[in-house]
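# Overview (structure and organization)
What follows is each chain in one-letter form.
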Amino acid sequence: MYKLGIDVGGTNTDAVLIDESMNVVAAVKQHTTKDVYGGIMNAVDAVLEESGVDAALINQAMLGTTQCTNAIVERKGLSPIAILRIGAPATEGIPPMVDWEDSIRAVCVDWMIIGGGFEFNGKRLNEFDEEACRAFLNKVKGKIKALAISCVFSTVRNDHELRAAELCKEVMGEDVHVSISSEIGSMGLIERENATILNAALWQVAERFTEGFAKSLEGEGITNADVYLSQNDGTLMTMEHARRYPILTIACGPTNSIRGASYLSQLQNAIVIDVGGTTTDLGVIQNGFPRESSVAATIGGVRTNFRMPDVVSIGLGGGSIVREKPDGTVTVGPDSVGYEITEHALVFGGDVLTATDIAVRLGDVGDKTLVESVPLELAQKALTAIGALVEDAIDAMKVSNTDSDVILVGGGSIILPDHLEGAATVLKPEHFGCANAIGSAISKVSGTYEKLIDYHEIPRDQALEQAKAEAIDMAVQAGGIHLLTESGRELHTIVPKDAFRDVDRVEGAHPFEAWKYWFPLGEPPSNGLRTIQDVPGRDKPLE
């Protein structure tokens, strides 16, 4: 049986096949098409032809896509939504979407702030105003198909959010898509609310690309495969989970490259440089997984605080345009010929000097006769400019002045010099050009649980057991299979994430612990193994 990994980028769509021994059987790169799915079909056709594998033998298919990111940035395909904030009167001074641009604020049909919410320690801020909630839901009924619900300190207690979601289903029907902020963002009402609004507005986009991907696979004869979507933490989720939380697919491209780079290089800690046709993304591998950003992320001009990879992007790629100024200096990018590189670059018979032409002129790739007209001095200046751009970005990713191992991936990485200042070693592994698709194919399902816990009320050990059980539950809901040995020892990776995060800036608050689990896919339980139901303390309430 085989795994199929696909990653759709702005310039190229990559596809790989991996066998049961986790070896790369075939890897291909096709140009991304305007309708996206044409590029996916072409990539699947090419990888099946190169490998000679029967499509019926593919039992898992994974997709990393930029559809949700594009929809937000381009303001296209977003669905009309309503916003219900629970937090009156404390939060009435700042309305929802207060700093949004008009072009994206238009997705909101109506909004309301009602009574309710909690203090930082879980005490009730105000009674939940069920009557006002019902009145608002009746007002927007028939106007929208998606609702975003937020609440003050819902990351501590989400009782009011859950009740509002129940009322929504009761008043507006089961087919309404409800996004609640406690399931999406972290501490910080406005940023968490923003992420929830975007998630609600993306439901139709998610429905289209999940159904489109399934139909594309079916059209290629891949009918026996379980289908998964890449998340932005380097793990996977089911199609249904992706429809519920489409915002988690944002920035999954860089995380796929980071996971793929770690797998190909066998390095657990390094800086990954992924060079595409238009941009270069730099991320960090920590213990085999992408380092998460500790600051609020801005997506299409909207400030959010849901989990995002710590990635720096620069305007440098294989299609970046090279120019010589009158004073003799040379610039590279940030504009690029992008997916039209095969029409415009010199090495493809075009008339635009690109970074790829420089790589052919100075390196051992391509047909040098097509770039003989490029002066050697100009090419060397361009390579120096390329190196400087990347070296500055490497410094931006470091947390110390120590040189770090660097892994180069992406088809455009041929444009980079062999030596980079600030790098202890520079490694370009086999199949580097399709690391993103490989990262998608080798990823596992995950569950993340994050909550503030008062150790005066719940002892630390008990809180940890309950937190672990909740994280496992979430991973199972996302499509994972959980197995425990007779002794109760987990067979999967356990990574304490943000353990003992300091929240002393809020008087009286206590540390919380968050856990993340990665699960194997498609492995049926075997004899002698127990399920999550046997985790100690799983049936005990957290509050």
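Fair warning: this is a prediction, and the values are worked out from it, not measured in the lab. (Residues numbered from 1 in each chain as written. Predicted model: local features only at pLDDT ≥ 70, side-chain atom pairs only at ≥ 80, totals over all residues. Heavy atoms only, no water.)

## Notes on helix α12 (residues 376-397)
Between its first and last C-alpha atoms α12 spans 32 Å; for 22 residues at 1.5 Å apiece the expected length is 32 Å, and the two agree. If you check which residues of α12 are buried, you get Leu-378, Ala-379, Ala-382, Ala-385, Ile-386, Gly-387, Val-390, Glu-391, Ala-393, Ile-394 and Met-397. (Helix = DSSP H or I, 4+ residues; strand = E, 2+ residues; numbered from the N terminus. Expected span 1.5 Å × (residues − 1). Buried < 20%, exposed > 50% of the residue type's maximum accessible area, 1.4 Å probe, protein only.)

## Focus: the sheet that holds strand β8 (residues 177-180)
Pairing is parallel across the open sheet formed by four strands, whose spatial order is β6-β5-β7-β8. The strands lining the two open edges of the sheet, one partner per strand, are β6 (108-115) and β8. Here the strands of the sheet are splayed against their neighbours by 20 degrees on average, with no regard to which way each runs. Both strand β5 (residues 81-88) and strand β7 (residues 146-151) contribute to a ladder of five bridges, which runs parallel. Residue pairing for β7: Arg-85 is matched across the bridge by Ser-150. This element, helix α5 (residues 159-172), spans β5, β7 and β8 of the sheet and lies at about 160 degrees to β7. Sheet strands touched by helix α6 (residues 189-201): β5, β7 and β8. Its angle to β7, the strand with the most contacts, is close to 165 degrees. (Pairing = 2+ DSSP bridges. Axes fitted to C-alpha atoms, helices over the stretch in contact; angles between N-to-C directions. Contact = heavy atoms within 4.5 Å.)

## Concerning helix α11 (residues 355-362)
In terms of burial, α11 is largely enclosed, as six of its eight residues are buried. Of the positions making up α11, those classed as buried are Ala-355, Thr-356, Asp-357, Ile-358, Ala-359 and Val-360. Residues of α11 that are buried in the fold lie against β17 (320-324), β18 (330-336), α10 (341-344) and α12.

## Re the nonpolar core
Formed by 63 residues in total, the largest nonpolar core has its most connected members in Leu-4, Ile-6, Ile-40, Ile-81 and Ile-247. Sorting elements by how many residues they give to this core places helix α1 (residues 37-51) first, with seven residues. Here Ile-40 is in contact with Ile-6, Val-8, Thr-13, Leu-63, Phe-213 and Ser-216, once residues within four sequence places are set aside. By size, the runner-up hydrophobic cluster in this structure holds 38 residues, among which are Leu-353, Val-360, Ala-385 and Ile-386. (Core = buried A, V, L, I, M, F, W, Y, C linked by side-chain atoms within 4.5 Å.)

## Focus: the pattern of salt bridges
Scanning the entire structure with this criterion turns up 18 salt bridges. Asp-102 serves as the salt-bridge partner of Arg-105, at 2.6 Å between the closest nitrogen and oxygen. Highlighted residues: Arg-105 and Asp-102, both in helix α3 (residues 102-105), separated by three residues, approximately one helical turn. For Arg-105, a relative accessible area of 27% gives the class partly exposed. Close ionic contact of Arg-243 with Glu-240 constitutes a salt bridge, the shortest N to O distance being 3.5 Å. On the criterion of helical spacing, the pair formed by Arg-243 and Glu-240 is a turn pair, its members being three residues apart in helix α8 (residues 239-244). Accessibility expressed as a relative area gives 54% for Glu-240, which makes it exposed. (Salt bridge = Lys/Arg side-chain N within 4 Å of Asp/Glu carboxyl O.)

## Here's the deal with the packing of helix α4 (residues 130-140) against α5
At their nearest, the axes of α4 and α5 sit 10 Å apart, and the two run at 40 degrees to each other. Regarding the angle of α4 to α5, the classification is oblique. Classified by chirality, the crossing of α5 by α4 is right-handed. Contact residues: Glu-130, Cys-133, Arg-134, Leu-137, Asn-138 and Val-140 in α4; Arg-163, Ala-164, Leu-167, Cys-168, Glu-170, Val-171 and Met-172 in α5. For the contact of α4 with α5, the residue count by class is eight nonpolar, one polar and four charged. (Parallel < 35°, antiparallel > 145°, perpendicular 65-115°, else oblique. Left-handed = near helix turned anticlockwise from the far one by under 90°. Nonpolar A, V, L, I, M, F, W, Y, C, P; charged D, E, K, R; others polar.)

## Here's the deal with the packing of α1 against helix α7 (residues 203-219)
Where α1 contacts α7, the axes come no closer than 10 Å and their chain directions differ by 30 degrees. Comparing their axes, α7 and α1 come out roughly parallel. In this structure, the crossing between α1 and α7 has a hand that is right-handed. Where α1 abuts α7, its residues Tyr-37, Ile-40 and Met-41 lie against Arg-208, Phe-209, Gly-212, Phe-213 and Ser-216. A breakdown of the residues in the contact of α1 with α7 according to their chemical character gives five nonpolar, two polar and one charged.

## Points about the environment of Ala-214
One can find Ala-214 in helix α7. Note on Ala-214: relative accessible area 31%, which makes it partly exposed. Sequence separation between Ala-214 and Ala-225 is 11 residues, and the spatial gap between their C-alpha atoms is 9.7 Å.

## Topic: the confidence of the model for the protein
Chain-level pLDDT for the protein is 82 on average; 86% of the residues reach the 70-or-more range. A low-confidence stretch, residues 483-543 (pLDDT under 50), is modelled with 151 contacts involving residues beyond four sequence positions or located in other chains. (pLDDT = per-residue confidence, 0-100.)

## Section: the environment of Asp-110
With respect to the secondary-structure elements, Asp-110 resides in strand β6. With relative accessibility at 16%, the residue Asp-110 sits in the buried group. When the C-alpha atoms of Asp-110 and Lys-143 are compared, they prove to be 9.4 Å apart, with 33 residues separating the residues in sequence. The residues contacting Asp-110, other than those within four sequence positions of it, are Ile-81, Ala-82, Ile-83, Phe-136, Lys-139 and Val-140. Here the side chain of Asp-110 touches Lys-139 through a polar contact of 3.0 Å, side chain to side chain. (Polar contact = N/O pair within 3.5 Å; in protein donor to acceptor, adjacent residues only side chain to side chain.)

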